[in-house]
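# Topology and contacts: notes
The lines below spell out each chain.
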Amino acid sequence: MSTSFKSIRYFIAVAESGSISAAIHELGVSQSVVSQAIAQMEADLGTLLFERRARGMSLTHAGHQFLRHAHQIDVAMRNARDALASRPHTVTGSLNVGVTSLMVGYYLPFLLDRFRRVFPRIQVQITEDRRDYLEHLLISGELDVALIVVSQLQNRQALETETILRSGWRVWLPVNHRLAGEEKIEATELARQSLVLLQVDELGDATTALWNAGGADPTVLIRTSSVEAVRSLVATGAGCSVLPDMLYRPWSLEGDRIEARPLAQGLPHLEVGLAWRKGAMLPESLSNFLTAVRPTLEGHAPGGVNHVR
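Numbering of residues starts from 1 in every chain and runs along the sequence as written. In keeping with the model being predicted, local features are shown solely for residues with a pLDDT of at least 70 and side-chain atom pairs are shown and tallied solely at 80 or more, while totals for entire chains, interfaces and linings include all residues. Side-chain descriptors were evaluated using all non-hydrogen atoms of the structure, hydrogens and water having been removed beforehand.

## Re the packing of aromatic side chains
The aromatic pairing rule takes the rings of Phe, Tyr and Trp, using the six-membered ring of Trp, and pairs them if the centres are within 6.5 Å, calling planes under 30 degrees apart stacked, those over 60 edge-to-face and the rest tilted. Per the counting criterion, the structure on display carries 5 aromatic pairs. When the centroid spacing of 5.4 Å and the interplanar angle of 65 degrees are considered together, the rings of Phe-115 and Phe-289 count as edge-to-face. With a gap of 174 residues between them, Phe-115 in helix H6 (residues 108-118) and Phe-289 in helix H11 (residues 284-298) connect regions that are remote in the sequence. Among the aromatic side chains, those forming a connected cluster through ring pairs are Phe-11, Phe-50 and Phe-66. Helix numbering and strand numbering both begin at the N terminus, where a helix is a DSSP run of H or I of at least 4 residues and a strand a DSSP run of E of at least 2.

Structure representation (structure tokens):
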């Protein structure tokens with residue numbers, strides 16, 4: 001296999017920007033270099049990673065699968081560079097991290113991998129719970145930091161936050177659904193469909209505001225705490241859903257396609273980030289944590305999500 005680390009960087013840039021022309025501005029190389037690198041990768045892997053279109057490129061199923069591994073390779077390379085630049089492996093201590101159920105499956109694995117590689121001798125204790133209870137633990141000093149939806153905090157005056165990404169909302173639809181032909185979907189029209197609602201991190205409360213604003217009475221098939229269940233139910237035609245873009249993947253675990261369309265009535269962006277108790281000086285373990293995990297979180301937001309730098 002002749003795929004190089006540079007080729008993987010080119011692939012990530014095109015995947016995240018949606019076109020080669022947009023990617024080359026960030027990469028500082030010619031279009032032909034990027035095109036040849038991606039073509040060589042596809043030849044090495046024996047599969048197409050992109051669907052070529054008149055106005056850009058979109059990932060195939062295989063491309064989405066490879067993107068996750070490409071990010072892991074990118075993080076591993078940065079970890080190696082950091083290890084050569086400093087010697088944090090001698091640092092000891094402990095860190096108590098809070099996380100909501102929504103964040104566990106999407107960002108926590110990358111976060112822990114990064115932190116443990118950079119600071120292997122710091123002992124990490126993780127608490128998974130509801131966002132409001134994690135706020136209580138932060139304020140009481142029982143947690144050092146939490147990875148949560150910071151746009152829904154109740155104790156803003158007592159907590160410092162750093163937003164990592166902002167995510168908009170879209171309607172998830174099965175393939176060939178009649179609403180998939182609409183440019184934007186009205187809440188009143190969506191309320192007449194069978195709905196699959198995700199009830200984690202108060203996401204259900206946010207979508208309730210959508211129905212209340214339109215005076216609609218939605219038809220709810222199920223309220224579930226499983227994102228994968230929502231994907232499978234939508235993909236197989238059981239219903240539609242309204243969810244943040246940070247959760248969107250175009251395929252279910254079974255390989256069925258999921259479409260996504262914008263809402264006519266926008267919902268406030270969901271903001272994901274880090275929260276910790278306000279104080280004059282950060283504890284050393286927390287400072288080390290923030291330094292180590294920021295690049296990892298910025299590098300792993302799904303498409304359609306805005307990074308905050």
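## As for the pairing of strand E1 (residues 50-53)
The two faces of a sheet get side chains in turn, since along a regular strand they alternate between them. Both E1 and strand E2 (residues 56-59) contribute to a ladder of 4 bridges, which runs antiparallel. Looking at E2, one finds that Phe-50 is bridged to Leu-59. The turn linking E1 back onto E2 is made up of 2 residues. At least two DSSP bridges between two strands are required for those strands to pair.

## Details of the side chain of Glu-42
Position of Glu-42 relative to the elements: it lies in helix H3 (residues 31-45). Contact definition: two residues touch when any of their heavy atoms are within 4.5 Å. Excluding its chain neighbours within four sequence positions, the residues that come into contact with Glu-42 are Thr-47, Leu-48, Leu-49, Phe-50 and Arg-52.

## Brief notes about the pattern of salt bridges
Should their charged atoms come close, side chains of opposite charge can pair. What counts as a salt bridge is simple: a side-chain nitrogen of Lys or Arg found within 4 Å of a carboxyl oxygen of Asp or Glu. One pass over the full model with this rule turns up 12 salt bridges. The salt bridge partner of Asp-132 is Arg-130, with a shortest N-O separation of 3.4 Å. Buried means the residue's accessible area, taken with a 1.4 Å probe over protein chains only, is under 20% of the maximum for its type, while exposed means over 50%, and partly exposed covers the values in between. Given the relative accessible area of 28%, Asp-132 is considered partly exposed. Residue Glu-259 is joined to Arg-261 by a salt bridge in which the shortest nitrogen-to-oxygen separation is 3.4 Å.

## Notes on the sheet that holds strand E11 (residues 258-262)
Spatially, E10-E7-E11 is the arrangement adopted by the 3 strands of the open sheet, whose pairing is antiparallel. The strands lining the two open edges of the sheet, one partner per strand, are strand E10 (241-244) and E11. Strand-to-strand twist in this sheet, taken as the mean axis angle between neighbours without regard to direction, amounts to 40 degrees. Here strand E7 (residues 169-174) pairs with E10 via 4 bridges, running antiparallel. Bridge pairing in E10 places Arg-170 opposite Leu-243. Axis lines are fitted to C-alpha atoms, over the contacting stretch for helices. Their N-to-C directions set the angle, which ranges from 0 to 180 degrees. Here helix H10 (residues 227-235) sits on the sheet and contacts E7, E10 and E11; the angle it forms with E7, its principal contact strand, is near 50 degrees.

## Thoughts on the side chain of Asp-74
Relative to the helices and strands, Asp-74 is located in helix H4 (residues 61-85). Accessibility expressed as a relative area gives 18% for Asp-74, which makes it buried. Once you skip the residues sitting within four places of it in the chain, Asp-74 turns out to touch Phe-5 and Ile-12.

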